[in-house]
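The lines below spell out each chain.
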Amino acid sequence: MESMVVQTALGNFRVSCSERGITGLEFTSKHPAKTAKHPIANELSRYAAGENVRWSMPLNLLTGTEFQRKVWGVLRQIPYGETRSYAWVARRIGKPKAARAVGAACGANPIPVIIPCHRVIASDGSLGGFTSGLAWKRKLLNLEKQIHGGEVYDS
């Protein structure tokens, strides 16, 4: 298992990888000991600069349940700069009454940004929740919205 801290214009990320792919991504206040030379470091830096990145690294999602992996698969289909509701995701996985469970699956997402759970909001347009805090969710949504137009969320 490899772990590195990647410094970007948006903030710092700790990335964990196994031989099967990325296992985790979290926001951190830690600074990297050295500049990461890993492809994910370049991709995170490009994302933080406002680029719609096509993530190249495989994801290792073996820790998720079957339900969670279905939710995470749908989240990866939400276009950059757009949002969808928890209810929309629930309908997409064939469980229209499972919006709360979708929220829990978003909260269990081990690889935010790459699996863009920040793009899921409540049906009434409010932000809903975010494991890393609503300040980070606003920051990610605003980055994507400012580049591609659309509603910007107040801090």
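Residues numbered from 1 in each chain as written. Predicted model: local features only at pLDDT ≥ 70, side-chain atom pairs only at ≥ 80, totals over all residues. Heavy atoms only, no water.

Caption draft 1: Local environment of the pairing of strand β2 (residues 12-18). A large share of β2 lies buried, amounting to six of its seven residues. In this sheet, β2 lies alongside strand β1 (residues 2-7) in antiparallel orientation, the contact comprising six bridges. Opposite V6, over in β2, you have F13 as the bridge partner. The antiparallel pairing of β1 with β2 creates a hairpin that spans four residues between the two strands, and G11 there sits at a positive phi of about 150 degrees. Relative to strand β3 (residues 21-28), β2 runs antiparallel, the two being bridged by seven bridges. When the bridges of β3 are listed, N12 appears paired with T28. (Buried < 20%, exposed > 50% of the residue type's maximum accessible area, 1.4 Å probe, protein only. Helix = DSSP H or I, 4+ residues; strand = E, 2+ residues; numbered from the N terminus. Pairing = 2+ DSSP bridges.)

Caption draft 2: Quick peek at the sheet that holds β3. The sheet built from three strands is open, its strands ordered β1-β2-β3 with antiparallel pairing. With one partner strand each, in any of the chains shown, β1 and β3 form the two edges of the open sheet. Strand after strand, the sheet turns through a mean of 20 degrees between neighbouring axes, direction not considered. Taken strand by strand, helix α1 (residues 39-48) contacts β1, β2 and β3, and its axis lies near 30 degrees from that of β1. (Axes fitted to C-alpha atoms, helices over the stretch in contact; angles between N-to-C directions. Contact = heavy atoms within 4.5 Å.)

Caption draft 3: Fine view of the pattern of salt bridges. Using the criterion set out here, one finds five salt bridges in the structure. Of the charged contacts in the structure, one is a salt bridge between E51 and R46, with a shortest N-O distance of 2.9 Å. Taking the relative accessible area as the measure of exposure, E51 reaches 35% and is therefore partly exposed. By relative accessible area, R46 is classed as partly exposed at 27%. For R84, the salt bridge identified is with E82, shortest N-O distance 2.9 Å. Taking relative accessible area as the criterion, E82 reaches 32% and is therefore assigned partly exposed. (Salt bridge = Lys/Arg side-chain N within 4 Å of Asp/Glu carboxyl O.)

Caption draft 4: Representation of the side chain of K137 within the structure. You can see K137 is positioned in helix α5 (residues 134-148). Residues within four places of K137 in sequence aside, it is in contact with Y86, C117, H118, V120, I121, L127, G128, G129 and F130.

Caption draft 5: Here's a closer look at the layout of surface pockets. Each pocket or cavity is described by its volume, and for the largest pocket that value is around 240 Å³. Lining the largest pocket are 14 residues; nearest its centre among them are N52, V53, W55, R76 and R119. Along the lines of polarity and charge, the residues of the lining of the largest pocket split into nine nonpolar, two polar and three charged. (1 Å grid on protein atoms, 1.4 Å probe; cavity = no way out; pocket = protein on both sides within 12 Å on 5 of 7 lines; lining within 4 Å. Points joined across faces, edges and corners; volume = space filled by probe spheres on them. Nonpolar A, V, L, I, M, F, W, Y, C, P; charged D, E, K, R; others polar.)

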